[in-house]
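A look at the structure
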Amino acid sequence: DMKVTQMPRYLIKRMGENVLLECGQDMSHETMYWYRQDPGLGLQLIYISYDVDSNSEGDIPKGYRVSRKKREHFSLILDSAKTNQTSVYFCASSGDISNERLFFGHGTKLSVL
Amino acid sequence: AQSVTQPDARVTVSEGASLQLRCKYSYSGTPYLFWYVQYQRQGLQLLLKYYSGDPVVQGVNGFEAEFSKSDSSFHLRKASVHWSDSAVYFCAASMYYAQGLTFGLGTRVSVFP
């Protein structure tokens, strides 16, 4: 079953708290992504991971870091969350070079108060 | 700068009518092109993709898209929409493999009975 799973689905945090968003995939994909989706801005790429411990900044990495210690797991970390990081976060993965198709999770709606 | 533009934020159509969603890209070359659909409170799902060859590509659920190099466009269409096609549709592009997709802002489609 080809699936990208994100946990949690909803999260409320206070400003200054640390946030951990988790993502898993069962397709053994090498490449994984974190995006955020905001009204009027569409989806913006935060980080890309090409494999374990091989990560690259996307278009808006400031305020975020990532961790990939196993191929099937990719975490997004917000150290000291800010109110402007309130958003819906999507994790995605993609397969081999012949198939540039992204599989998306259902998203995590994060509210930072 | 590379960009994807969807000029229509919202489109309303009657069930059974045809649908066309516009997408223009700005790249120094021909990128990989995609259309994704996002149903309410879900992740994005791939409708179709274009890499090369026949400029008309077929996707799922009766959708097709036409690539035009001269116009830098990749418009999506469907001959007869169903109420279940109500969703947000995203056009996306990537110049290189595993660099992440650049998304347009999306077009929200509402299908009325």
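Here the structure is shown first, and the text comes after it.
Thresholds, definitions, all that
Residues numbered from 1 in each chain as written. Chains lettered and ligands numbered in written order. Predicted model: local features only at pLDDT ≥ 70, side-chain atom pairs only at ≥ 80, totals over all residues. Heavy atoms only, no water. Helix = DSSP H or I, 4+ residues; strand = E, 2+ residues; numbered from the N terminus. Rg over C-alpha atoms; globule rule 2.2 N^0.38 Å. Contact = heavy atoms within 4.5 Å. Areas by Shrake-Rupley, 256 points an atom, 1.4 Å probe, with all protein chains shown as cover. Disulfide = S-S within 2.5 Å. Buried area = accessible area lost by both parts, 1.4 Å probe. Salt bridge = Lys/Arg side-chain N within 4 Å of Asp/Glu carboxyl O. Polar contact = N/O pair within 3.5 Å; in protein donor to acceptor, adjacent residues only side chain to side chain. Nonpolar A, V, L, I, M, F, W, Y, C, P; charged D, E, K, R; others polar. Phe/Tyr/Trp six-rings, centres within 6.5 Å; stacked < 30°, edge-to-face > 60°. Buried < 20%, exposed > 50% of the residue type's maximum accessible area, 1.4 Å probe, protein only.

What follows concerns the overall build of chain A. Within chain A one finds zero helices and eleven strands. Listed N to C, the secondary structure of chain A is β-β-β-β-β-β-β-β-β-β-β in terms of helices and strands. A compact globule built from 113 residues would reach a C-alpha radius of gyration of about 13 Å, and chain A, at 13 Å, matches this within 12%. Within chain A, counting contacts between residues at least 6 apart in sequence, those at least 24 apart form 53% of the total. When the accessible surface of chain A is totalled, it reaches about 5,700 Å², and 51% of it is carbon and sulfur.

Time to look at the state of the cysteines. Disulfides are covalent bonds that connect the sulfur atoms of two cysteines. Residue and element names in this part refer to chain A. The tally for this structure, following the rule as stated, stands at two disulfides over all chains. Residue Cys23 pairs covalently with Cys91 via a disulfide, S to S 1.9 Å. Every disulfide takes its handedness from the sign of the S-S torsion; for Cys23 and Cys91 that torsion is -75°, giving left-handed. In this pair, Cys23 sits in strand β3 (residues 19-25) while Cys91 sits in strand β9 (residues 87-94), placing the two residues 68 residues apart along the sequence.

How big an interface is tends to be reported as the loss of accessible area on association of its parts. The interface of chain B with chain A comprises 21 residues on the first partner and 26 residues on the second. Summing the contributions of chain B and of chain A, the shared interface buries around 1,800 Å²; its carbon and sulfur component is 54%. Here chain B is connected to chain A by zero salt bridges. Our enumeration of links across chain B and chain A arrives at five residue pairs in polar contact (both at pLDDT 80 or more). For the side of chain B that touches chain A, the secondary-structure elements that each account for two or more residues are β5 (32-38), β6 (44-50) and β10 (87-94) of chain B. Of the residues belonging to the side of chain B that touches chain A, the class tally is twelve nonpolar, seven polar and two charged.

Under the defined criterion, the tally for this structure stands at 18 aromatic pairs over all chains. Ring geometry for Phe90 of chain A and Phe104 of chain A: centres 6.4 Å apart, planes at 80°, overall edge-to-face. Taken together, the positions of Phe90 of chain A in strand β9 and Phe104 of chain A in strand β10 (residues 102-104) put the pair 14 residues apart, joining distant regions of the chain. In this structure, Phe90 of chain A and Phe104 of chain A share a single accessibility class: buried. With a centroid separation of 6.2 Å and an interplanar angle of 45°, the aromatic rings of Tyr50 of chain B and Phe74 of chain B are classed as tilted. Taken as a pair, Tyr50 of chain B in strand β6 and Phe74 of chain B in strand β9 (residues 73-78) lie far apart in primary sequence, 24 residues in all. Exposure remark for Phe74 of chain B: the relative accessible area of 0% places this residue in the buried category. Through successive ring pairs, a cluster of aromatic residues spans Tyr33, Tyr35, Phe90 and Phe104 of chain A together with Tyr32, Phe34, Tyr36, Tyr51, Phe90 and Phe103 of chain B.

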